[in-house]
Amino acid sequence: PVVFFLAGCLPFQAQLHMKMFSLFGQLCRLRDGNNVLAVRARSIFSAASPSTRSWFWRIRQLCLQYGLSHPLDWLNKRPPKQLVKSRVMAAVTEYWLHQLRVKADTLTSLQYLRTKYMGLSKCHPIFRSCGSSPWEVEKGTTQARLLSGRFRVEALTAHWVPGNREGLCTLSECWKTEDWHKGSIEHFLHSCPSLSSTRQTLHMFNLQYLESNPHLEPIVNDCLEISAVHFWLDCSTMSPVISAVQQGGQSILFGIFK
């Protein structure tokens, strides 16, 4: 689910199904439905024991899967190209949105991936806000790994590292000290003492950036008060940012991602 929600595209299986529907729509309109393929399709759909290996029978199964009208209705009404495209796109997108959201909600590693605010038609702003800057692209890639729950913190690598099955932080200022803690994303971003100097540098950078963009400061402060970790991973699904973008446009969101 992470790949498709961040990329903003349908799974390959869904894209293949849409091509099949498009092809069947062309078949229905060919010579006003008076062609040998349409005749063959009608015979299969109306047969008492049709061949389940038939391509036309697969079209029937896909219509049931996506809640579309029966293929015989397509053959009788011969819907125009744009109508087929819009209906198929809506039905396929709705189906896969539901499937991927249900799957994502069962994965504890995706607690910060709020899929109810995401779609499958537009790339995530983590990448749309990068522009042509290689540094921004690298930053967005790292941020996406953190958001996906696959960033190599100790809480994840503990599954295959024999010497640290507890998933405890291995950074120098934490290892076997009083501040020793589990190497989770939350500690990595928010409280690990080994990264305090880096965190302070980031804080100073943020202060300087907000000084030159004062209209973003109240939005950022509201988000940090709600959840600092969620803000760093994906601020686009937080309510203060959503409200601000609705009022001021995408430039606000891209500014915060900087």
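Whatever comes next refers back to the structure up there.
Residues numbered from 1 in each chain as written. Predicted model: local features only at pLDDT ≥ 70, side-chain atom pairs only at ≥ 80, totals over all residues. Heavy atoms only, no water.

Draft legend 1. Spatial organisation of the overall build of the chain. Looking only at helices and strands, the chain has 15 helices and zero strands in total. The C-alpha atoms of the chain give a radius of gyration of 25 Å, which is well past the 18 Å a tight globule of 258 residues would have. Across its three principal directions, the C-alpha atoms of the chain cover 80 × 50 × 30 Å. The buried share of the chain, reckoned over its 258 residues, is 40%. Taking the intrachain contacts of the chain between residues at least 6 apart in sequence as the baseline, contacts between residues at least 24 apart amount to 56%. A total of about 15300 Å² of accessible surface is found on the chain, and carbon and sulfur atoms cover 56% of it. Charge separation in the chain, taken as the distance between the mean sites of 28 positive and 17 negative side-chain charges, equals 22 Å. (Helix = DSSP H or I, 4+ residues; strand = E, 2+ residues; numbered from the N terminus. Rg over C-alpha atoms; globule rule 2.2 N^0.38 Å. Buried < 20%, exposed > 50% of the residue type's maximum accessible area, 1.4 Å probe, protein only. Contact = heavy atoms within 4.5 Å. Areas by Shrake-Rupley, 256 points an atom, 1.4 Å probe, with all protein chains shown as cover. Lys, Arg positive; Asp, Glu negative; His and termini not counted. Charge placed at Lys NZ, Arg CZ, Asp CG, Glu CD.)

Draft legend 2. Structural context of the nonpolar core. Judged by nonpolar contacts, the single largest core of 62 residues is most densely connected at Phe24 and Trp74. Looking at this core, the element that brings in the most residues is helix 6 (residues 81–105), giving eight residues. (Core = buried A, V, L, I, M, F, W, Y, C linked by side-chain atoms within 4.5 Å.)

Draft legend 3. Highlighting the state of the cysteines. Tallying each qualifying case throughout the model produces zero disulfides. With no disulfide partner, Cys63 has as its closest neighbouring cysteine sulfur the one in Cys28, 9.3 Å distant. With a relative accessible area of 1%, Cys63 lands in the buried category. As a non-bridged cysteine, Cys192 has Cys174 as the owner of its nearest cysteine sulfur, 3.4 Å distant. (Disulfide = S-S within 2.5 Å.)

Draft legend 4. Up close: the environment of Ser46. Positionally, Ser46 belongs in helix 3 (residues 36–46). Residues Ser46 and Leu72, spaced 26 residues apart in sequence, show a C-alpha to C-alpha distance of 8.8 Å. Among the polar contacts made by the side chain of Ser46, one reaches the main-chain carbonyl oxygen of Arg42 at a distance of 2.7 Å. (Polar contact = N/O pair within 3.5 Å; in protein donor to acceptor, adjacent residues only side chain to side chain.)

Draft legend 5. How the structure looks around the packing of helix 3 against helix 4 (residues 55–66). Viewed as axis vectors pointing N to C, helix 3 and helix 4 meet at an angle of 65 degrees, and their least axial separation amounts to 9 Å. Here helix 3 and helix 4 pass one another in a crossing that is right-handed. Where helix 3 approaches helix 4, its residues Leu37, Arg40, Ala41, Ile44 and Phe45 are matched on the opposing element by Phe56, Trp57 and Arg60. The residue inventory of the contact of helix 3 with helix 4, partitioned by class, reads six nonpolar, no polar and two charged. (Axes fitted to C-alpha atoms, helices over the stretch in contact; angles between N-to-C directions. Left-handed = near helix turned anticlockwise from the far one by under 90°. Nonpolar A, V, L, I, M, F, W, Y, C, P; charged D, E, K, R; others polar.)

Draft legend 6. Representation of the pattern of salt bridges in the model. According to the stated counting rule, one finds two salt bridges in the structure shown. Across the pair Lys258 and Glu136 runs a salt bridge whose closest N-O atoms are separated by 3.8 Å. One end of the pair, Lys258, is in the segment after helix 15 (250–257); the other, Glu136, is in helix 8 (residues 134–148), with 122 residues separating them in the sequence. On the basis of relative accessible area, Lys258 is assigned to the partly exposed category, the value being 36%. Judged by relative accessible area, Glu136 falls into the buried class, the value being 9%. Among the charged side chains, a network of salt bridges with common partners joins Glu136, Lys139 and Lys258. (Salt bridge = Lys/Arg side-chain N within 4 Å of Asp/Glu carboxyl O.)

Draft legend 7. Summary view of the packing of aromatic side chains. Under the defined criterion, the tally for this structure stands at 14 aromatic pairs. Relative to Phe56, the ring of Phe45 lies with its centre 6.4 Å away and its plane at 80 degrees, an arrangement referred to as edge-to-face. You can see Phe45 sitting in helix 3 and its partner Phe56 sitting in helix 4, a full eleven residues away along the chain. The burial state of Phe45 is the same as that of Phe56; both residues are buried. One aromatic cluster in this structure is built from Phe21, Phe24, Phe45, Trp55, Phe56, Tyr66, Trp74, Tyr95 and Trp96. (Phe/Tyr/Trp six-rings, centres within 6.5 Å; stacked < 30°, edge-to-face > 60°.)

Draft legend 8. The environment of Asp105, seen in detail. Here Asp105 shows up in helix 6. Along the sequence, Asp105 and Pro71 sit 34 residues apart, while their C-alpha atoms lie 34 Å from each other.

Draft legend 9. Main features of unusual backbone geometry. Positive phi, normally seen in glycine, also occurs at Arg31, with a value near 55 degrees. Mapping Arg31 onto the fold places it in the loop between helix 2 (12–29) and helix 3. For Arg31, a relative accessible area of 66% puts it in the exposed group. Of note in the backbone geometry, Lys176 takes a positive phi value of approximately 55 degrees without being a glycine. Looking at the element boundaries, Lys176 is found in the loop between helix 9 (154–157) and helix 10 (185–190). Among the residues examined, Lys176 registers a relative accessible area of 61% and is labelled exposed.

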